[in-house]
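Here's the letter readout for the chains.
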Amino acid sequence: MPRRFLVTGGAGYVGSHLVAALCDRGDTAVVLDNFHIGHRRAVPDGVRTIDADLSNIAAVDDALSDGPWDAVFHFAALSQVGESMREPLRYLLENGGNGMRLIDACVRHGVGRFVLSSTAALFNAAGDDPIPEDAPIDPNSAYGESKWMIERALRWASQVHGLRYACLRYFNAAGADPQGRLGEDHRPETHLMPLAIDAALGRRPPLVVFGTDYPTRDGTCVRDYIHVTDLAAAHLLAFEAMEHGDIRWNLGNGAGYSVLEVLQAVERVSGRPVPHVLAERRPGDAASLVASAEPALKAGWQPRYAALDDIVRTAFQWRLAHPNGYGN
Ligand code: UFG
């Protein structure tokens, strides 16, 4: 049966891939986005958009009053770990504050299910061990802290008001829609994979490797890269699974790759060297973040693009076809 969802941040990177997945299965998605970070061109034709900021309570109320909604998917957020270490209070206010206002509005409008785009930045693990959902929460950045604020608010909304929630902690979202409809385009771009691809293509200066003295196999940070289309699929599954209770899922492939290993993958896929320079650590970076995604896998989640080279390939193809991203 077709369903109807409000997607905040649906014009952003992960949000737009979810909107495409919803449209593909015949559901109705309404996108609420301020389009500061998101791109109008990332929203499929025919999808209704509401041009509003989450700090505008009247606009959020107005959007939610046009229910009923099967769920609200909440993506809209600032998402740069490094930036959050320069402007921590902005992150706590915009991500944490707006997230809580949205939850409050959902409770008032009788929304039954809330799916949060959360993050591995809740964890500050040492060593290479995959991180399960019940690992200690210890955000190493204001970004991670801001998402934890929302997770905590959801617990209270569930306990007191019965709002069902799913907190989906992404490890490193990467790649692009395998059908070539969507990709990654942040302004400014700060993420490793698109920067490495553009460096290989000669479109950007050499990639700066942040830190070579971490306690990892080659001294650079280790991350668990998860394809954005697999993340979108996990959202659809979470929506079904939350019928049985609240959900906290770590979403990753359970395999960590160092920064230098990602550069090697970009070299394999592109057939070009990735010019790079070695530099100091970036504040806020954890040494190693690898997911144990057991509950999601048990619920039937099956990542289709788990191989690092497959993730890089979809990202590379999109960058190649869209030298200016969603711009002209
Ligand atoms: N890196 C570089 N050079 C760059 C960019 C990144 O060396 O120019 C390194 C980073 O130091 C880090 C790794 O590459 O070790 C990945 O960095 P990204 O900026 O691509 O991603 P982050 O791990 O910082 O953060 C991402 C999302 C967050 C999310 C986090 C969870 O942006 O929203 O993954 O792991 F919380």
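Residues numbered from 1 in each chain as written. Predicted model: local features only at pLDDT ≥ 70, side-chain atom pairs only at ≥ 80, totals over all residues. Heavy atoms only, no water.

## Focus on the overall build of the protein chain
Here is step 1: Scanning the protein chain from N- to C-terminus turns up ten helices and 14 strands.
Here is step 2: Expressed along its principal axes, the backbone C-alpha trace of the protein chain runs to roughly 55 × 45 × 40 Å.
Here is step 3: Sorting the 328 residues of the protein chain into buried and exposed places 56% on the buried side.
Here is step 4: Long-range contacts, defined as pairs at least 24 residues apart, comprise 78% of the intrachain contacts of the protein chain with a sequence gap of at least 6.
Here is step 5: When the accessible area of the protein chain is evaluated, it comes to approximately 13900 Å², of which 50% is carbon and sulfur surface.
Here is step 6: Taking the average location of the 31 positive side-chain charges in the protein chain and that of its 40 negative ones, the two points are 2 Å from each other. (Helix = DSSP H or I, 4+ residues; strand = E, 2+ residues; numbered from the N terminus. Buried < 20%, exposed > 50% of the residue type's maximum accessible area, 1.4 Å probe, protein only. Contact = heavy atoms within 4.5 Å. Areas by Shrake-Rupley, 256 points an atom, 1.4 Å probe, with all protein chains shown as cover. Lys, Arg positive; Asp, Glu negative; His and termini not counted. Charge placed at Lys NZ, Arg CZ, Asp CG, Glu CD.)

## A short note on the sheet that holds strand S4 (residues 71-74)
Here is step 1: Spatially, S3-S2-S1-S4-S5-S6-S11 is the arrangement adopted by the seven strands of the open sheet, whose pairing is parallel. Edge positions in the sheet fall to strand S3 (48-51) and strand S11 (247-251), since each of these pairs with one other strand and no more. Ignoring strand direction, the axes of neighbouring strands in this sheet form an average angle of 20 degrees.
Here is step 2: The pairing of strand S1 (residues 4-8) with S4 spans four bridges and is classified as parallel. (Pairing = 2+ DSSP bridges. Axes fitted to C-alpha atoms, helices over the stretch in contact; angles between N-to-C directions.)

## A word on the sheet that holds strand S9 (residues 222-223)
Here is step 1: If you trace the three strands from one edge of the open sheet to the other, you get S12-S9-S14, paired in mixed fashion. Strands with a single pairing partner mark the edges of an open sheet, and in this sheet they are strand S12 (257-258) and strand S14 (288-289).
Here is step 2: Bridge count between S9 and S12: two bridges; the pairing is antiparallel. Each bridged residue has a counterpart across the sheet, and for Val-222 the counterpart in S12 is Ser-258.

## Some words on the site of the ligand
Here is step 1: Around the ligand sit 23 residues in total, of which Thr-119, Asn-172, Val-208, Arg-282 and Asp-285 are the nearest.
Here is step 2: Here Asn-172 contributes a side-chain N or O atom positioned 2.7 Å from an oxygen atom of the ligand.
Here is step 3: The side chain of His-191 places a nitrogen or oxygen atom 2.7 Å from an oxygen atom of the ligand.
Here is step 4: Calculation on the ligand without its partners gives an accessible area of 690 Å², and the protein chains cover 93% of this total.
Here is step 5: Contributions of two or more residues to the shell around the ligand are made by helix H6 (192-200) and strand S8 (207-210).
Here is step 6: The leading source of residues in the shell around the ligand is S8, at four residues. (Near = heavy atom within 4 Å. Polar contact = N/O pair within 3.5 Å; in protein donor to acceptor, adjacent residues only side chain to side chain.)

## A few points about the packing of aromatic side chains
Aromatic ring pairs are defined here through the distance separating the ring centres and the angle between the ring planes.
Here is step 1: Evaluated as defined, the whole model comprises four aromatic pairs.
Here is step 2: Among the aromatic residues, those joined into a cluster by ring pairs are Phe-5, Phe-73 and Phe-239.
Here is step 3: One residue, Arg-40, lies across the ring of Phe-35, its end atom 3.9 Å from the ring centre.
Here is step 4: Above the plane of the ring of Tyr-214 lies Arg-281, whose end atom (NZ or CZ) is 4.0 Å from the centre. (Phe/Tyr/Trp six-rings, centres within 6.5 Å; stacked < 30°, edge-to-face > 60°. Lys NZ or Arg CZ within 6 Å of the ring centre and 35° of its normal.)

## Observations regarding the side chain of Glu-133
Here is step 1: Inspection of the secondary structure assignment puts Glu-133 in the loop between strand S5 (113-119) and helix H5 (142-161).
Here is step 2: Buried Glu-133, no salt bridge; nearest opposite-charge side chain is Arg-169, N-O distance 6.0 Å.
Here is step 3: Side-chain polar atoms of Glu-133 contact the backbone nitrogen of Asn-250, separated by 2.7 Å. (Salt bridge = Lys/Arg side-chain N within 4 Å of Asp/Glu carboxyl O.)

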